[in-house]
Amino acid sequence: MDKFLVNGGNSLSGSIVVPKAKNSYLAILSACVLCFGVVTLKECPHFSDINKMLDILSHLGCRVTRQGRDVEIDASTISHYDVPRELGHQVRSSIFLLGPIIGRLKHARVSYPGGCDIGLRPIDLHLKGLRALNVNICEEYGIIDCVGENLIGHDIHLDYPSVGATENIMMAGVYAKGITRIYNPAKEPEIVDLQNFINSMGGKITGGGTDTIIIEGVGKLHSTEYTPMSDRIIAGTYLLAAATCGGDITIKNVVPCHICSLTSKLKEVGFEIFDKNDNIRLVSRGRHKSFSKIDTMPYPGFPTDLQPQTMVLQTVSRGVSVITENLFETRLKHVPELIKMGANIKVHDRCAIVTGVENLYGTEVTASDLRAGAALVIAGLKAQGQTIISGVENIDRGYESLEIALSSLGADIKRI
Ligand code: UD1
């Protein structure tokens, strides 16, 4: 297993292009199953979660070809309706395939999904939505078997705006007879991206990003070429790395309003932030004040996927910050690792009270999940001395050669 070796203390400077979004890609790859032709997706990053989804599509009988940075998926040849346990367990997004496989083949069998170990992650809302569309679901031994011979559009109210459940229902609704309405859907930009992608194949979905999504059932979706949105969480990770280490970086190819929940906080405590078109520049000089409070929330609230990286900034800021993780029950596993590095953090339930210290120091730590791993990398870049981070396979799920990207900004980090 790879590790990262980080020598801390360098500030970051320069510019970096943000890759396309993992979470958009994962939903869009699932939606490819709905297509009766060929989909070309541009600028597909080499994240391991994306590679695993491509393996699942191949297993289903799709022809998958990587052509440089692009990927082509021919789902006209799809022949299987099952995602075996050994593939499904590797990625959370395998569950997103339920809706599109049922839509396309009327029958889907998927095991309970894997993904980052950050909480219970139930799928009751996914199943509730599918049942409302007239899908018969049988759950046995961790396998979900769904039969939907006659999908019928329905009004569905989600008790919580789950990203995955919204995506699954949107995709199942494409081939349902009549209209499906999702009330209280997730409003994340990745939902709008999925809507735009499906519509580029001839789908009729409106309302993505608002309080109600309306899906009009259609006939066969056709071939398309599509470029997914850029990764707002990677953008935020780079900004937080520069804010923590000091420096002057410009991130390119971003939609600034996708991360204004972060940039507005950074501005509040005195970081200089300049947005221009699809670039964001951050200038960080010295230690800044702590954010008094961070509460993770569904979009457009503060993203849970930036909570660990933000916590690192707070460990070396001036003052006390109270960080509450509202989405995932066990998403504070980076805390003991940061404490090993000298951070002053107290945890009560889902709340971390972070008192800023002058600096962190390097030691051996483990990345328990994707974003916790990104946080430990930032901590290592800031710390005095050497940090060795294991569990890099978790970081590779959603960052492409993170060590190369950060080295290009002046960080001293290598893979061993
Ligand atoms: C997606 C993202 C993940 C991000 C999360 C929240 C992907 C591949 N992953 O995950 O990076 O952290 O959104 O922004 O896009 N819930 C239920 N029942 C359900 C489904 C969810 O109770 O059926 C709860 C979950 O336990 C959690 C909350 O809803 O507390 C949010 O989960 P959800 O929005 O579904 O996240 P994911 O789609 O798994």
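Each chain has its residues counted from 1, following the order in which its sequence is written. Selection of residues for local features in this predicted model requires a pLDDT of at least 70, selection of side-chain atom pairs for listing and counting requires 80 or more, and totals for whole chains, interfaces and linings are taken over all residues. Water and hydrogen atoms play no part in the side-chain values, which are based on all heavy atoms of the structure.

Student: In this structure, what is going on with the sheet that holds strand 16 (residues 272–276)? I would like to understand it.
Tutor: Sheet strands pair by backbone hydrogen bonding; their relative direction is either parallel or antiparallel. Two strands make a pair as long as DSSP finds a minimum of two bridges between them. In this description a helix means any DSSP run of H or I spanning at least four residues, a strand means any run of E spanning at least two, and both kinds are numbered starting from the N terminus. As summarised here, the arrangement of the 4 strands in space is 2-15-17-16, forming an open sheet in which the pairing is mixed. Since the sheet does not close on itself, it has two edges, and those belong to strand 2 (12–17) and strand 16, each with one partner. In this sheet, adjacent strand axes meet at a mean angle of 10° when their direction is disregarded. Relative to strand 15 (residues 247–252), strand 2 runs parallel, the two sharing 6 bridges. Bridge pairing links leucine 12 to glycine 247 in strand 15. As a rule, the C-alpha atoms of each element are fitted with a line to give its axis, helices using only the stretch in contact, and angles between N-to-C directions run from 0 to 180 degrees.

Student: How should I be thinking about the sheet that holds strand 10 (residues 155–157) in this particular structure?
Tutor: Pairing is mixed in the open sheet, where 4 strands are placed in the order 10-11-13-12. The two strands at the open ends of the sheet, each matched to only one other strand, are strand 10 and strand 12 (204–206). Taken pair by pair, the neighbouring strands of this sheet meet at an average axis angle of 15°, ignoring direction. Taken together, the 5 bridges between strand 11 (residues 179–183) and strand 13 (residues 212–216) define a ladder with antiparallel strand orientation. Its bridge partner lying in strand 13, isoleucine 182 is registered against isoleucine 213.

Student: Help me understand unusual backbone geometry, please; the structure alone is not making it clear to me.
Tutor: In terms of backbone geometry, most residues other than glycine have negative phi values and most peptide bonds are trans. With an omega dihedral of 10°, the bond running from tyrosine 299 to proline 300 counts as a cis peptide bond. Residue placement: proline 300 occurs in the loop between strand 18 (293–295) and helix 10 (307–315). One non-glycine residue, lysine 106, lies in the positive phi region at around 70°. For lysine 106, a relative accessible area of 28% puts it in the partly exposed group. A positive phi is found at asparagine 253, a non-glycine position, where the angle reads about 70°. Structurally, asparagine 253 can be placed in the loop between strand 15 and helix 9 (260–268). To sort residues, take the accessible area from a 1.4 Å probe on protein chains only and compare it with the maximum for the residue type: under 20% means buried, over 50% means exposed, and anything in between is partly exposed.

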